[in-house]
Amino acid sequence: MSDIIRRDPRAEWIARNRLHPLHAAMQPAQHSWMGPNGIIRKNPHGIGFIGPNGIKRIDRSGAQQGGATKRTAAVEVQLPLHQVPAPAFYISVVPDMVGGRLSSHDRDLLGLAHQLAGKDGAVLAVVFGEHKENAFATAGVDRLLVLEGEQFSGYAPEQRVQGLRAVDNQFSPRHWLLPDSRTGGGELGRRFAAALGERPATRVWQVKDQECIGRAGAGLQDLARPLARLILAAVECAEPVSETRHEALPVELSTAVVRSLSRIEDLGAVAVDPAAIPMAEAEFIFSGGNGVKDWGLFHRTAEALGATEGASRVAVDDGFMARDRQVGASGTWVTARVYVAVGISGAIQHLQGIGACDKVVAINLDPGCDMIKRADLSVIGESAEILQALIAAVEAYRNDAKRDAA
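Residues numbered from 1 in each chain as written. Predicted model: local features only at pLDDT ≥ 70, side-chain atom pairs only at ≥ 80, totals over all residues. Heavy atoms only, no water.

Take the overall build of the protein chain next. A tally of helices and strands in the protein chain yields 10 helices and 18 strands. In the protein chain, buried positions account for 39% of the 406 residues. The long-range fraction of contacts in the protein chain, counting pairs at least 24 apart against all pairs at least 6 apart in sequence, stands at 58%. For the protein chain, the exposed surface amounts to about 23,800 Å²; the carbon and sulfur share of it is 52%. (Helix = DSSP H or I, 4+ residues; strand = E, 2+ residues; numbered from the N terminus. Buried < 20%, exposed > 50% of the residue type's maximum accessible area, 1.4 Å probe, protein only. Contact = heavy atoms within 4.5 Å. Areas by Shrake-Rupley, 256 points an atom, 1.4 Å probe, with all protein chains shown as cover.)

Our next topic: the packing of aromatic side chains. Per the counting criterion, the structure on display carries six aromatic pairs. For the ring pair Tyr90 and Phe171, a centre distance of 5.4 Å and an interplane angle of 85° mean the geometry is edge-to-face. Here the residue Tyr90 occupies a position in strand 4 (residues 90-93), and Phe171 occupies one in helix 4 (residues 157-171), the gap between them amounting to 81 residues. As far as burial versus exposure is concerned, Tyr90 and Phe171 are alike and both buried. (Phe/Tyr/Trp six-rings, centres within 6.5 Å; stacked < 30°, edge-to-face > 60°.)

This next bit is on empty space enclosed by the protein. Sizing a probe to match a water molecule and rolling it over the atoms shows the empty space that remains. Using the criterion set out here, one finds one cavity of 30 Å³ or more in the structure. Taken as a whole, the largest cavity spans an internal volume of roughly 30 Å³. The wall of the largest cavity is formed by Val292, Lys293, Asp294, Leu297, Val342, Ser383, Ala384 and Leu387. For the lining of the largest cavity, the residue count by class is five nonpolar, one polar and two charged. (1 Å grid on protein atoms, 1.4 Å probe; cavity = no way out; pocket = protein on both sides within 12 Å on 5 of 7 lines; lining within 4 Å. Points joined across faces, edges and corners; volume = space filled by probe spheres on them. Nonpolar A, V, L, I, M, F, W, Y, C, P; charged D, E, K, R; others polar.)

Take the sheet that holds strand 16 (residues 338-342) next. Taken in spatial order, the five strands make up an open sheet running 15-14-16-17-18, and their pairing is parallel. Bordering the open sheet on either side are strand 15 (308-311) and strand 18 (377-380), each of which pairs with just one other strand. On average, each strand axis in the sheet is tilted by 20° relative to the strand beside it, whichever way the strands run. Relative to strand 17 (residues 359-364), strand 16 runs parallel, the two being bridged by five bridges. For Ala341, the partnering residue across the bridge sits in strand 17 and is Ala362. Relative to the sheet, helix 6 (residues 295-305) contacts strand 14 (284-288), strand 15 and strand 16, its axis offset from that of strand 14 by approximately 175°. The sheet strands contacting helix 10 (residues 383-405) are strand 14, strand 16, strand 17 and strand 18, and the helix crosses strand 17 at an angle near 125°. (Pairing = 2+ DSSP bridges. Axes fitted to C-alpha atoms, helices over the stretch in contact; angles between N-to-C directions.)

Here we take up the packing of helix 4 against helix 5 (residues 185-196). Contact geometry for helix 4 and helix 5: axes closest at 10 Å, N-to-C directions at 60°. The angle between the axes of helix 4 and helix 5 places the two elements in the oblique class. Taken as a pair, helix 4 and helix 5 cross one another with a handedness that is right-handed. In this structure, helix 4 contributes Pro157, Glu158, Arg160, Val161, Leu164, Arg165 and Asp168 to the contact, and helix 5 contributes Glu187, Leu188, Arg191, Phe192, Ala195 and Leu196. Taken together, the residues of the contact of helix 4 with helix 5 sort by class into seven nonpolar, no polar and six charged. (Parallel < 35°, antiparallel > 145°, perpendicular 65-115°, else oblique. Left-handed = near helix turned anticlockwise from the far one by under 90°.)

Here we take up the nonpolar core. If you look at the biggest cluster of nonpolar residues, it comprises 29 residues, and the most contacted ones within it are Phe136 and Leu177. If you list the elements that add at least two residues to this core, you get strand 4, helix 2 (104-117), strand 5 (122-128), helix 3 (136-139), strand 8 (201-208) and strand 11 (230-233). Sorting elements by how many residues they give to this core places helix 2 first, with six residues. The residues touching Phe136, leaving out its near neighbours within four places in the chain, are Met97, Leu102, Val127, His131, Val141, Leu144 and Ala248. In this structure, Leu124, Leu188, Leu230 and Leu253 belong to the second largest nonpolar core, which totals 24 residues. (Core = buried A, V, L, I, M, F, W, Y, C linked by side-chain atoms within 4.5 Å.)

Read across the open sheet, the nine strands follow the order 10-9-8-11-7-4-5-6-13; overall the sheet is mixed. Strand pairing shows two members of the sheet lacking a second neighbour, strand 10 (221-226) and strand 13 (249-251), which therefore form its edges. Between one strand axis and the next, the sheet turns by 35° as a mean value, whatever way the strands run. Across four bridges, strand 8 lies against strand 9 (residues 211-216) in antiparallel orientation. Looking at strand 9, one finds that Val204 is bridged to Gly214. Of the strands in this sheet, strand 4, strand 5, strand 7 (175-179), strand 8 and strand 11 touch helix 2, which is tilted by about 165° from strand 7. In this fold helix 5 packs onto strand 5, strand 7, strand 8 and strand 11, with an angle of close to 165° to the strand it touches most, strand 11.

The next point concerns the side chain of Ser287. Of note, Ser287 is situated in strand 14. The class of Ser287 is buried, set by a relative accessible area of 0%. A polar contact of 2.9 Å, which involves the side chain of Ser287, links it to the side chain of Tyr339. When residues no more than four places from it in sequence are discounted, the contact partners of Ser287 are Phe298, Gly310, Ala311, Ser312, Val327, Tyr339, Val340, Ala341, Val342, Ile344 and His350. (Polar contact = N/O pair within 3.5 Å; in protein donor to acceptor, adjacent residues only side chain to side chain.)

Further remarks concern the pattern of salt bridges. Per the counting criterion, the structure on display carries 13 salt bridges. Linking Glu133 and Arg107 is a salt bridge whose minimum nitrogen-to-oxygen distance equals 4.0 Å. Here Arg107 lies in helix 2 and Glu133 lies in the loop between strand 5 and helix 3, a separation of 26 residues in the sequence. Overall, Glu133 belongs to the buried group, its relative accessible area being 10%. The residue Asp376 makes a salt bridge to Arg374 at a minimum N-O spacing of 3.9 Å. (Salt bridge = Lys/Arg side-chain N within 4 Å of Asp/Glu carboxyl O.)

Per-residue pLDDT for the protein chain has a mean of 84; in total, 84% of the residues score no lower than 70. This model gives residues 61-76 a pLDDT under 50, and the stretch forms 18 contacts once residues within four places in sequence are excluded. (pLDDT = per-residue confidence, 0-100.)

What follows is the structure in structure tokens.
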């Protein structure tokens, strides 16, 4: 192989084009620079930077090894343990826990809670019902209170407000933090504020200098008000906890929550045709691209999984899928919790459209394509064989569930 260093004209063009979405990634990492007053400034987000607490930032993405190690296969690092043996006060957080797990919005909320807690306070997470989360410690939870019982299952805002009032009476938190979201936190927070007789700070995106700064005027203006006890925070209100692990010690209520007769009856989940769900609202998307050769098998797999179908621009232009199913910057920007890409190489426009998805699964023949690099889980192989095996696995799982129920 030649030792001649070859230029990448495309990378150089992206580095010059400030409007390109990959422009920032092409800039060289700057660890220190001279400020306007002649003071040398350091990048606190740079790898290897030692912060005021003596904590060194560690690269978990494999970038220091030249990208040879994927982020999912990075070496596990033992983070320093943050302990609060005798908390002076509590900051209570009520995460949405969509699907039984912490969302990115919930983790931002926990980051804001630790800003308010400081060194003397502890973050108390209040979770309703059963959950599937096993990363409370790395998310920043010092104390974990799980309120279990049938009265908290399903849509039960009145009973949950009673549970929060019981927590408030026992722990007397200095602040309450709830996500200002459409998945339950926004409504529950406002109901809880009415029960306490307090005025909440809503749509808060920053807490600074004992002030809450929230969105107002249809999101076009900022409204600053004194730091409230009850805060309904927006997405990206703070940086999530990433440099410490916490105890997540379980705590319990000293008294049982009185079950009252609810005025709301939960009739359970309503079955919805996945094809009728708009792409922007779908939580599970099964998307196909140029690598799909058997579209009949693709549709059967999506039906077996109960997923909403999507497609790349190439598949739409070829007439295999409708235009409203196109995912990407030139189609629909999606925020699914799980996005499965079958035979999609990963053009820039498509990767932009799935940037907000939580988990991405890629099925592709090319192990070096951009979609494989973006994916959290990759399956290398012929799509037809993988989809047939996937259908068989789903059917076997459902048959076993039927036998157990019988």
